[in-house]
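Structure assessment
Single-letter residue listing:
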Amino acid sequence: MQHSKALAAAVCLALAGSIGVAMPAMATTTAGDHAQQAAQLPNIHYTRFTLPNGLTVIVSPDHKAPVVAVAVWYHVGAAREPAGKTGYAHLFEHLMFEGSAHHKGNYFKPFQKVGATGMNGTTNSDRTNYFETVPTTALDMALWMESDRMGWLLQGLTQASVDQQRGVVQNEKRQDENQPYGLVQENIAAHAYPANHPYHHTTIGSMKDLDAASLDDFRHWFKSYYGPNNATLVLVGDITVAQAKAKALKYFGNIPAGPAVAPLKPWTAARTTSTKGVMHSDVPQTRIYREWNTPADGTHADNLLSLAADVLGGSRSSRLYQRLVYQDKLADNVSVSDRSGKLGSQFVLVVTPKKGADLAKINRAVSDVWAKFLKDGPTAAELERAKTGFRASFVRRLERVGGFSGKAMILGRSETFHGSPDAWRKALADMLAATPTQVRDAARQWLSRGDYTLTVLPVAKGEKPETANQAMANGLGPASGKPVPAKAVSHDWKTVASTVDRSKGVPAVTRFPSLTFPKLQHATLDNGIKVTLAERSDVPLVEMSLQFAGGFASDPDHQPGRANFTMSMLDEGTKDLDSVQISDRTQLLGAQISAGCGLDSCQATLNSLTDKLDPSLALFADIVEHPAFRGADVQRLRGQWIAGIAQEKARPVTLALRTLPNLLYGKGHPYAMPFTGSGTVASIQSLKTTDMRDFMRDYVRPDNVRILVAGDISMDALVKKLNHAFGDWKAPATAVPTRAIAKVAKPAQPRVFLMDRPGSLQSTIFAGVVAPSTKAPNDLAIGLMNGAFGGSFNSRLNLDLREAKHWAYGAHSFLPSALGQRPFMLYASVQTDKTAPSIQSALADAKAITSTQPITDAELAKVKANQVHALPGEFQTNGAVLGELRGMALYQRPDNYVTTLKQRIDAVPLTKVQAAADAIIQPRHFTWVIVGDLARVGASIRALNLGQVTVLDADGQPVKDTAKAAK
């Protein structure tokens, strides 16, 4: 992946919304006959054509927003890599974001100016794709950029860019492997497939091969696979077919075709014997993986096995979850998935045992469930739920034109894998027509033998965890049976003269569409609950949120995590339904229900198919108003929750996010708790049913809630349904508690807190300081400041540590929203040997922005343009609109907050943005939390003399500083 702000997004989402143990996401509808379900198949209307040079073009008009999703799929992935050149496909994906012949420098810059959203690139074994969603008026710019790198990348490719992106990718690899279970996929790939199979290695490749990659290697790769005749261009959004034909020919028509590429033939590599492996790793608890090689994506068998996976381990109602988690109480979690690939698929079972559980008993239980399934297959009800779940998931994907999961992704994948844009629909129809007998027979054929079982064990004290090389050791050797290579089919492809003068550079974008945001409607229920609706009829879905004031800040000092744990208990049982019945009904209705908390509020959320809203609301209201808090359910969730805390402590980023808040805010402050929302082991162990009922009485009540809705319903119909569901909900006689959020002072001197993680492949660096509330009058100026410093790809921090020095996969700053003082944090995970230099660089960037290198007019203009021009593409989904409604309700923003954002952002002067930087980015008040191998980095960090150094354990408690004592 070329660019990811996953950490910042995850933290901001966590503090604004649901965190913790999620409720089931798989959605299904009521049972019905197959003919009826087939008639309800979702659809994407498209036109497909081929340019004279062989480029396949797919266009799907969708005029609900003035944006167009642009995606280019190249029919090449890691499966094409020859021996000794692993990781080349992915590294080349990174190189495609460097300069081309007519555009020098970073590929993201023109897109940032026009407010592109959902922009990225990804690689897997079978394909490489690039995508962005741009305002309609910026489509010519986007097509110019995509075509320039397709046709003229080599003229801009240099050894310097290869060296730079090699470093970035290697830090991406270190970052992935630095997580618990980070080496599992390499181990499974090596043992699942013979050495001569294209899937024998993972996409990221090996360090040795990445080190050996040369400029000539990538020139050859580009010439071999990146011709238009081996690519698909997908355009979805505010565009007509005629426009698409003209623009595709204009920008891509004069690019010569590359050599014909012979297709790789499917190769399941089914195994007849079962094998086992053991890996010792730095993990908080044991985990068991079992993998079977199964037929390729889209085959009848693969479609049937997807259904089998859902029945066996796709939800809380699944057979293995029921057996291992509920009945035998041996596991914290179980999942089964069918991971489909173009050449073959992997059917994977993952069991996370409870600490100290008997692994032999677990394996016997799994074998028992497996044998019964192979004997009898799924029941009709199980299969119907699974079918409807897949159909409902596709309906939800149709909300978005682009990004990682929208319509452009669906069409591009179908064409690349199967040569037909509607292959996804044919596969879904195949699944809906499946019978229990067919699913059983497919499981018997492919899941009765030949699995590879990998048991990952915590490394013994004093021992070192296995390395990537050890994870791949003793994999399967070469095997016979590899398909005879297919022959490339030659075509008489031709170019078409173009009127584009590329010497003029990137086309300027001077006009931008206006934002379209639903007009907000307001009403009051019979019992006084306020309702806000953003009506949208694009997709037959309704999404609503019950937002309660409170959140983490309502937790007693001795019980952090109480609010979040209690909200996560809501779907564990009502007075009349147990958790399994709730799960079954949720699936049968095609609904999604979740609950959780942020810093200042809690919410329960329902996503419903429009035609199932009445029964979905009835279930939703029962869950919110009548939680049972049965002792057995509390104990089960408590065990899972405590296991989750152990997982957080094993991951560098979440370990830091558990630790930093208490240091920033001080003991007793409402925000001085883990930002993950999970609390502490002691607090969760101490929670009693009475504590949860007290929370419900105090906060989950009709006089402390706003109902926020976005979707396919009128206000009159909504009020009627809500009155029926919630109209008799009465508030208790007691008042809603309040808790003051005190203002805290910044520390007088910088402080440094080190956390030891022996053997860590990277050091994770956080620096934090308190900043003004989200309700501050200069909130927009603060956001613009953050965008310039570290809040975007082209920000100073990321361009320094990732692009210029390539010591990190990414470096960011972010400000999660809060009613009180919010934390301003900068973050980077850097290679271990560059820990101290990275800290110095980040510190220098922080000092410079308030002294020698203040924010410039050009930087501010760039950030403003990005924020303003991105607005038309930000609200494609009900979820995005609902998220904005939550913020408007929580921070008391007016109805025109979104529609006036452009003019208000444009009006913010540089002086106010710089003033925000001066007031917030103050290194003399920074609190640093650095997680890494202190034996390797501790001395160099101390030598920086940043401030007083304290070593903390995983619970944030000071421990003896052995390095200091040694002096």
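Scroll up to find the structure this text is about.
Residues numbered from 1 in each chain as written. Predicted model: local features only at pLDDT ≥ 70, side-chain atom pairs only at ≥ 80, totals over all residues. Heavy atoms only, no water.

A count of helical and extended segments in the protein chain gives 36 helices and 23 strands. Expected size for 967 residues packed as a compact globule is a radius of gyration near 30 Å; at 28 Å, the protein chain falls within 12% of this value. By principal-axis analysis of the C-alpha atoms, the protein chain measures approximately 80 × 75 × 65 Å. Across the 967 residues in the protein chain, those meeting the buried criterion constitute 61%. (Helix = DSSP H or I, 4+ residues; strand = E, 2+ residues; numbered from the N terminus. Rg over C-alpha atoms; globule rule 2.2 N^0.38 Å. Buried < 20%, exposed > 50% of the residue type's maximum accessible area, 1.4 Å probe, protein only.)

Strand order in the open sheet made by the six strands is β20-β21-β19-β22-β18-β23, with mixed pairing throughout. Looking at strand neighbours, the two that pair on one side only are β20 (808-814) and β23 (948-952), the edges of this open sheet. Between one strand axis and the next, the sheet turns by 15° as a mean value, whatever way the strands run. As paired elements, β20 and strand β21 (residues 822-831) share five bridges and run antiparallel to each other. When the bridges of β21 are listed, His-812 appears paired with Tyr-827. Along the sheet face, helix α6 (residues 159-177) touches β19 (762-771), β20 and β21 and points at about 75° away from the line of β20. (Pairing = 2+ DSSP bridges. Axes fitted to C-alpha atoms, helices over the stretch in contact; angles between N-to-C directions. Contact = heavy atoms within 4.5 Å.)

On to the environment of Arg-396, then. Mapping Arg-396 onto the fold places it in helix α14 (residues 380-397). Each C-alpha atom of the pair Arg-396 and Pro-42 lies 9.7 Å from the other, and the pair is 354 residues apart in sequence.

Along the chain, Gly-403 falls in the loop between α14 and α15 (407-418). Remark: the alpha-carbon pair of Gly-403 and Pro-353, spanning 50 residues in sequence, is separated by 35 Å. The contact partners of Gly-403, leaving out residues within four places of it in the chain, are Gly-118, Phe-131, Thr-133 and Met-409.

With that settled, the discussion passes to unusual backbone geometry. The phi torsion of most residues other than glycine is negative, and most of the peptide bonds are trans. For Ala-269, which is not glycine, the phi dihedral falls at a positive 55°. Inspection of the secondary structure puts Ala-269 in the loop between α10 (241-252) and β7 (275-281). Since its relative accessible area comes to 14%, Ala-269 is described here as buried. At Phe-629, a position not held by glycine, the phi torsion is positive, near 55°. Relative to the helices and strands, Phe-629 resides in the loop between α21 (613-625) and α22 (631-650).

So, about the layout of surface pockets. Left-over empty space is what a probe sized like a water molecule reveals as it rolls over the atoms. Its volume calculated, the second largest pocket comes out at about 800 Å³. Along the wall of the second largest pocket there are 36 residues; nearest its centre are His-75, Asn-229, Asn-230, Val-261 and Pro-263. For the lining of the second largest pocket, the secondary structure elements donating two or more residues are β1 (47-50), β6 (231-237) and α15. Broken down by element, the residue count for the lining of the second largest pocket peaks at four residues, all from α15. Here the lining of the second largest pocket is composed, by residue class, of 14 nonpolar, 16 polar and six charged. (1 Å grid on protein atoms, 1.4 Å probe; cavity = no way out; pocket = protein on both sides within 12 Å on 5 of 7 lines; lining within 4 Å. Points joined across faces, edges and corners; volume = space filled by probe spheres on them. Nonpolar A, V, L, I, M, F, W, Y, C, P; charged D, E, K, R; others polar.)

What follows concerns the packing of helix α5 (residues 139-152) against α10. Direction vectors running N to C along α5 and α10 enclose 40°, while the axes themselves pass 9 Å from each other. Regarding the angle of α5 to α10, the classification is oblique. Of the two possible hands of crossing, α5 and α10 adopt the one that is right-handed. Two secondary-structure elements touch here, α5 through Leu-139, Asp-140, Leu-143, Trp-144, Glu-146, Ser-147 and Met-150 and α10 through Lys-247, Lys-250, Tyr-251 and Phe-252. When the residues that make up the contact of α5 with α10 are grouped by side-chain class, the tally is six nonpolar, one polar and four charged. (Parallel < 35°, antiparallel > 145°, perpendicular 65-115°, else oblique. Left-handed = near helix turned anticlockwise from the far one by under 90°.)

What follows deals with the side chain of Arg-174. Mapped onto the elements of the fold, Arg-174 is located in helix α6. Buried charge without a partner: Arg-174 forms no salt bridge, and the closest opposite charge is Asp-833, 5.9 Å away. Side-chain polar atoms of Arg-174 contact the side chain of Asn-171, separated by 3.1 Å. Non-local contacts of Arg-174, meaning those with residues more than four positions away in its chain, are made with Met-207, Leu-761, Gln-762 and Gln-831. (Lys, Arg positive; Asp, Glu negative; His and termini not counted. Salt bridge = Lys/Arg side-chain N within 4 Å of Asp/Glu carboxyl O. Polar contact = N/O pair within 3.5 Å; in protein donor to acceptor, adjacent residues only side chain to side chain.)

Moving on: the state of the cysteines. The full count for this structure, using the stated rule, is one disulfide. Through a disulfide, Cys-597 is tied to Cys-602; the S-S separation comes to 2.1 Å. One quick way to see it: the torsion about the S-S bond of Cys-597 and Cys-602 is about 95°, and its sign makes the bridge right-handed. Residue Cys-597 is classed as buried on the basis of its relative accessible area of 0%. Owing to a relative accessible area of 1%, Cys-602 belongs among the buried residues under this scheme. (Disulfide = S-S within 2.5 Å.)

The next subject is the pattern of salt bridges. Tallied over the entire structure, the rule returns 40 salt bridges. Lys-247 is paired through a salt bridge with Asp-140; the nearest N and O atoms lie 2.7 Å apart. Taken as a pair, Lys-247 in helix α10 and Asp-140 in helix α5 lie far apart in primary sequence, 107 residues in all. By relative accessible area, Asp-140 is classed as partly exposed at 22%. We note a salt bridge from Asp-906 to Lys-902, for which the minimum N-O separation is 3.0 Å. With a gap of four residues between them, Asp-906 and Lys-902 both fall in helix α33 (residues 901-906), about one helical turn apart. Residue Asp-906 is classed as partly exposed on the basis of its relative accessible area, which comes to 37%. Taking the relative accessible area as the measure of exposure, Lys-902 reaches 45% and is therefore partly exposed. Residues joined by salt bridges that share partners form a network here, namely Arg-316, Asp-571, Glu-572, Asp-633 and Arg-636.

With the rule as written, the count across this model stands at eight cavities of 30 Å³ or more. Empty space within the second largest cavity amounts to approximately 70 Å³. Taken together, Asp-310, Val-311, Ser-315, Ser-317, Ser-318, Arg-319, Glu-382, Arg-385, Ala-386 and Gln-587 make up the lining of the second largest cavity. Counting residues per element, the ones that place at least two in the lining of the second largest cavity are α11 (300-313) and α14. Broken down by element, the lining of the second largest cavity gets its largest block of residues, three residues, from α14. Classifying every residue of the lining of the second largest cavity gives two nonpolar, four polar and four charged.

Read across the open sheet, the six strands follow the order β12-β13-β17-β14-β16-β15; overall the sheet is mixed. Lying at the two open borders of the sheet, with one neighbouring strand each, are β12 (520-524) and β15 (592-597). Taking the axes of each pair of neighbouring strands and ignoring which way they run, one obtains an average angle of 15° across the sheet.

Okay, the pairing of strand β22 (residues 927-932) next. Counted residue by residue, β22 has six buried out of six residues, so it is predominantly covered. Residues Thr-927, Val-929 and Val-931 line one face of β22 and the alternating positions Trp-928, Ile-930 and Gly-932 line the opposite face, and both faces are buried. Pairing of strand β18 (residues 751-756) with β22 involves six bridges; the strand directions are parallel. The partner of Asp-756 across the bridge, within β22, is Gly-932. Bridge analysis of β19 against β22 gives five bridges, and the strand direction is antiparallel. Bridging from a neighbouring strand, Phe-766 pairs with Val-929 of β22.

Where helix α28 (residues 796-804) meets helix α29 (residues 835-848), the axes come as close as 10 Å, and the angle between the chain directions of the two elements is 155°. Considering the angle they form, α28 stands roughly antiparallel to α29. By crossing handedness, the relation of α28 to α29 is classed as right-handed. Residues Arg-796, Leu-797, Asp-800 and Leu-801 of α28 lie in contact with α29, whose contacting residues are Ser-838, Ser-841, Ala-842, Asp-845 and Ala-848. Of the residues contributing to the contact of α28 with α29, the split by class is four nonpolar, two polar and three charged.

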